[in-house]
Amino acid sequence: MSRTILIADDEAEIRELLSLYLEADGLRVLEASDGAEAVRMLGEHEVALLLLDIMMPNMDGLRTLKEIRKTHNIPVILLSAKSHDNDKILGLGLGADDYIAKPFNPLEVTARIQAQLRRYYKLGQAPEHSEPSVLTAGDLQLDPSSCTVSKHGALLPLTSLEYKMVELMMRHPGKVFTKKQLFESIWDDFYFGDDNTIMVHISKIREKLEDDPRNPAYIITVRGIGYKFEKRIARHET
C-alpha cells in the first residue's frame, strides 16, 4: 500500500520538486502552503509522515508542530536554513523526529523519509515471541503491539522517537547507553557528537514519565557516560 506524505512548505517550487522524487519512489503526496492548511489536511487525510518547513507565513512550522502533536504521533521531518541551529533544538524538543537543512539533496530527503517510515511502522508489527508482549517497570507499562506507554493506566503523549528510546532502554534495564549508542540506535545514523539532540529528548521523556523530572526514578544519568533505565523501581499504589 502506498503511504501518503504531506509536504508543508510555502515555496511551490520546493513542493513540486519533492513531489516528483517522492512519487517516483512510490509514495503519494499531499501539499500544504502553510501550517494552518497542514493542520486541516491532517484532520482530513490519513498521512504517514509530515515534511514540515519551519519558516512559513500564517502559522510557522514550530507552531504547527506543537499543534499537531496534541493529536498526531506520526513522524515529522523539519526543513529549515542550515544557519538556524536553535530551530533544530527547539523542533526536536517539540517532538520532531528528524531535521534536514536547506539547501538539500532531494535524494537525501527521500532516503530519510523512507528510513523514518521503516522504523516507525516496523514498531507496529507484532513483537517476536521471545520478547514480552508488555513491558512493566514500576507504574509504567509499554505495549509494543500498540506502540504506547502508559502510567497508572493513562497513556503518555510520547512522540515516535521518544517511544523508541524508552522501548530500547526498558528492554535492557540497568544497561548504560552512551549518547552515541542511543543516537545510532534510534536515528540509524552516524553520531557526530551532537549531545544536544539526545539531551533534549531525554529531558522531554522525563517530563512525561517522571513524577519529579529533576529527580528521575526511571531514566538515570550516569555522569560522563550516558543514561540507563533503572532496574529496580518501586511500584506506587493508588
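Everything in this summary refers to the structure shown in the same document. Since the structure is predicted, the reported quantities are computational estimates derived from the model, not experimental observations.

1. Structural notes on unusual backbone geometry
Thought 1: Residue Pro103 follows Lys102 across a cis peptide bond; omega there is -5 degrees.
Thought 2: Among the secondary structure elements, Pro103 is positioned in the loop between strand 5 (98-102) and helix 5 (106-122).
Thought 3: For Asn58, which is not glycine, the phi dihedral falls at a positive 70 degrees.
Thought 4: As for its placement among the helices and strands, Asn58 is situated in the loop between strand 3 (49-53) and helix 3 (61-68).
Thought 5: We classify Asn58 as exposed; its relative accessible area is 64%.
Thought 6: The backbone of Cys147 sits at a positive phi, close to 55 degrees, despite the residue not being glycine.
Thought 7: Turning to its location among the elements, Cys147 is positioned in the loop between strand 7 (140-143) and strand 8 (148-151).

2. Points about the pairing of strand 4 (residues 76-81)
Regular strands place their side chains on alternate faces of the sheet.
Thought 1: Judged by how many residues are buried, strand 4 sits mostly within the fold: 5 of 6 residues are covered.
Thought 2: Sheet topology places strand 3 next to strand 4; 4 bridges connect them, and they run parallel. Residue Leu51 lies in a different strand from strand 4, and its bridge partner there is Ile77.
Thought 3: As a crossover connection, the stretch from strand 3 through helix 3 into strand 4 is right-handed.
Thought 4: Where strand 4 meets strand 5, 5 bridges bridge the pair, whose relative direction is parallel. Looking at the pairing, Ser80 lines up with Ala101 of strand 5.

3. Considering the pairing of strand 12 (residues 226-229)
Thought 1: Of the pairings in the sheet, the one linking strand 10 (residues 176-178) to strand 12 comprises 3 bridges and is antiparallel in character. Note that in strand 12 the partner of Phe177 across the bridge is Tyr227.
Thought 2: Relative to strand 12, strand 11 (residues 219-222) runs antiparallel, the two being bridged by 4 bridges. Following the sheet pairing, Ile219 is matched in strand 12 by Phe229.
Thought 3: The turn joining strand 11 and strand 12, which pair antiparallel and follow one another in sequence, is formed by 3 residues; a positive phi near 80 degrees is taken by Gly224.

4. Side note on the environment of Ala48
Thought 1: Within the fold, Ala48 resides in the loop between helix 2 (35-44) and strand 3.
Thought 2: Ala48 sits in the buried class, given a relative accessible area of 5%.
Thought 3: In the structure, Ala48 is positioned 27 residues away from Pro75 in sequence and 7.3 Å away in space, judged by C-alpha atoms.
Thought 4: Aside from chain neighbours lying at most four places away, what touches Ala48 is Arg3, Thr4, Ile74, Pro75, Leu117 and Tyr121.

5. Side note on helix 3
Thought 1: By the burial criterion, the buried members of helix 3 are Gly61, Leu62, Thr64, Leu65 and Ile68. One side of helix 3 holds all its buried residues, which, seen down the axis, span an arc of 160 degrees.
Thought 2: N-capping of helix 3 is provided by Asp60, with a side-chain oxygen placed 3.2 Å from the backbone N of Leu62.

6. Brief notes about the sheet that holds strand 5
Thought 1: The strand order across the open sheet built from 5 strands is 2-1-3-4-5, with neighbouring strands paired in parallel fashion. The sheet is open, and its two edges are formed by strand 2 (28-32) and strand 5, each paired on a single side. Recorded for the sheet is a direction-independent mean angle of 20 degrees between the axes of neighbouring strands.
Thought 2: For strand 1 (residues 4-8) and strand 2, the ladder comprises 5 bridges, and the chain directions are parallel. Its bridge partner being in strand 2, Leu6 is matched across the sheet by Leu30.
Thought 3: Against the sheet, helix 1 (residues 12-24) makes contact with strand 1, strand 2, strand 3, strand 4 and strand 5, and its axis sits at roughly 170 degrees relative to strand 2, the strand it touches most.
Thought 4: Running at roughly 150 degrees to strand 3, helix 3 makes contact with strand 3 and strand 4 of the sheet.

Cut-offs used in this document
Residues numbered from 1 in each chain as written. Predicted model: local features only at pLDDT ≥ 70, side-chain atom pairs only at ≥ 80, totals over all residues. Heavy atoms only, no water. Helix = DSSP H or I, 4+ residues; strand = E, 2+ residues; numbered from the N terminus. Buried < 20%, exposed > 50% of the residue type's maximum accessible area, 1.4 Å probe, protein only. Pairing = 2+ DSSP bridges. Right-handed = clockwise from strand over helix to strand, strands pointing away. Contact = heavy atoms within 4.5 Å. Arc of directions from axis to C-beta. Polar contact = N/O pair within 3.5 Å; in protein donor to acceptor, adjacent residues only side chain to side chain. Axes fitted to C-alpha atoms, helices over the stretch in contact; angles between N-to-C directions.

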